[in-house]
Amino acid sequence: MPSHLFADRPAPQPPERGTVDALITQTRRLRGGVDAVRRDALVDDDDPQGRWQRALCDLAVHQLDDLGSHLGQLREGLTAEEEDAAALVVENASGPEPALAAPLSRVGSAEWNLLTDAVNWSEELFEIFGRSPENGGMSLDELPTMVFADDQALLTSMVTGALVDGRPIDGEFRIVRSDGHIRTLHMMGEPVLDADGCTASMWAVLRDVSELRRGQHAVRESREGLRRQRHIARTEHRLAVELREAVLPPWRGSLRLPHGAPGALDIAGHYLPSASSALIGGSWYDALELPDGASLLTVGDLTGRGATATGAMAMLLGALRGMAVAGIGPAALMGHLNQLLETTVQPALGSAVCCRYEPEGRTLSWSGAGHPAPLLFRDGAGRPLGTPDGVLLGATHRAAYGQAEVTLRAGDVLVLGTDGLTRRGPSDEAHQSRLLALAPLFDGGRTAQDCVRMIVEEFGEPERADDACVLVARIGS
């Protein structure tokens, strides 16, 4: 049998990485070249070498069609890793030295003479079947003995269709080699007719496509896994959004606490999402009127993303509300929250600030846990309040938290925000200066909602790396 024939052509240029359109164009160009070779080849049915060349061209067209289909699917939604992987596949598939190809590209040939019972196998076919050339090629009657039991009927049908009805063979079956390995073969062939139109022999080209089919199976499994992951991610995102909407304060716009009392707070809050809607974190803000007439103000943030972080935030905020209603002060409340995070199944760290405002004396007592201090704006200037001692929630066992107190005036503005509000890089101090620079705008009797709107305009960047919350309280007269 003739040896492998390869059309002379310039070595293909490596595809541009990360550009699937370029890979598709290259694949189409290669397919066009193979088509040209196939059209130009003058095939004589009595010429084994010509039949071999035509069969190789047909196999190449099949492979390139498969590759083009896969690349078209990848173009619909690629990650950078998938683009690089696709580029690597095409580079490997179009290498300039076919003789160094991997075992997945092994091709062998066979011809069975029905008049003389002669069988001719190429050396490559003996290697594919794991059979010694000394034992000779297998006849069409012997061939099914090496075929996987489930595929024997398919092979018999293909061979019968070629010998009896003159149909070309184009199909796949699995063989079990003598060493126990199972290989998948793609068989293409045709019957050869004599001068009277009777079948004199049958030739076939067989290609070992085991690795190719394994790769396709892995792609299918990966695609299904990706679909499952995306479905899970969408579900978790929906749950996180619904949970956040259920837990965060139901009021929108401005809120006055306590209701109808002198020195009441004019309160407004806002949640700023991250640039990626998938990065829903554990940030919260809340304001609550307490049974003794005081008011609770709090903001905080938990580590983590998604439904897990939002669920932990809901648990922590619920506990915070309950303890505040029970009359527990800010410092003790932080200690209890720290203990609560220590005992959770999902370990997490959190930062928070909790304020208790008493309208009678306009007194604000507050405590923090690794959180930016509240900012006080008065008479057109702003400054952070003194920071009491307090480590991150969940960071250490039996942590102690300090508490500070300040007397406020009518017209003062308090701003509480999570660290994601002003953080855009390693230097948080410069960004806090941007927030303090808004002090002149907060002066002049503006409402809390107006102040929130100005903060959102200043810090609501579309490329925000983290979600954030801000709470503004204006002291009434």
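Up top you'll find the structure we're talking about.
It should be emphasised that the depicted structure is a prediction, and the values quoted were computed from it without experimental measurement. (Residues numbered from 1 in each chain as written. Predicted model: local features only at pLDDT ≥ 70, side-chain atom pairs only at ≥ 80, totals over all residues. Heavy atoms only, no water.)

1. Some thoughts on the nonpolar core
Reasoning step 1: Judged by nonpolar contacts, the single largest core of 51 residues is most densely connected at I267, W284, L297, L364 and L393.
Reasoning step 2: Not counting residues up to four positions away in its chain, the partners in contact with L364 are C355, R356, Y357, L385, A404, E405, V406, L408 and L414.
Reasoning step 3: Counting 24 residues, the second largest nonpolar core, distinct from the first, contains A110, V147, I175 and M187. (Core = buried A, V, L, I, M, F, W, Y, C linked by side-chain atoms within 4.5 Å. Buried < 20%, exposed > 50% of the residue type's maximum accessible area, 1.4 Å probe, protein only. Contact = heavy atoms within 4.5 Å.)

2. Topic: unusual backbone geometry
Reasoning step 1: In the segment running from L257 into P258, the intervening peptide bond is cis, with an omega of -15°.
Reasoning step 2: If you check the backbone angles, D379 has positive phi at about 55° while not being a glycine.
Reasoning step 3: Mapping D379 onto the fold places it in the loop between β12 (375-378) and β13 (381-384).
Reasoning step 4: Assessed through its relative accessible area of 65%, D379 is described here as exposed.
Reasoning step 5: Positive phi, close to 55°, is recorded for R398, a residue that is not glycine.
Reasoning step 6: Checked against the element boundaries, R398 lands in the loop between β13 and β14 (404-407). (Helix = DSSP H or I, 4+ residues; strand = E, 2+ residues; numbered from the N terminus.)

3. Looking at the pattern of salt bridges
Reasoning step 1: Evaluation of the coordinates by the stated rule reveals 17 salt bridges.
Reasoning step 2: Where R183 meets E211, a salt bridge forms, and the shortest distance between an N and an O atom there is 3.0 Å. You can see R183 sitting in strand β4 (residues 182-193) and its partner E211 sitting in helix α6 (residues 210-247), a full 28 residues away along the chain.
Reasoning step 3: As a salt-bridge pair, D412 and R378 come within 2.6 Å of each other at their nearest N and O atoms. (Salt bridge = Lys/Arg side-chain N within 4 Å of Asp/Glu carboxyl O.)

4. Focus on the sheet that holds strand β5 (residues 199-208)
Reasoning step 1: If you walk across this open sheet you meet the five strands as β2-β1-β5-β4-β3, and the pairing is antiparallel. Pairing within the sheet leaves two strands with one partner each, and these edge strands are β2 (119-121) and β3 (169-176). Along the sheet, successive strands turn relative to each other by an average axial angle of 25°, direction set aside.
Reasoning step 2: Two elements, strand β1 (residues 107-113) and β5, share seven bridges in a ladder whose sense is antiparallel. Across the sheet, residue E111 finds its bridge partner in β5, namely W203. (Pairing = 2+ DSSP bridges. Axes fitted to C-alpha atoms, helices over the stretch in contact; angles between N-to-C directions.)

Read these as spatial facts, not as claims about activity.
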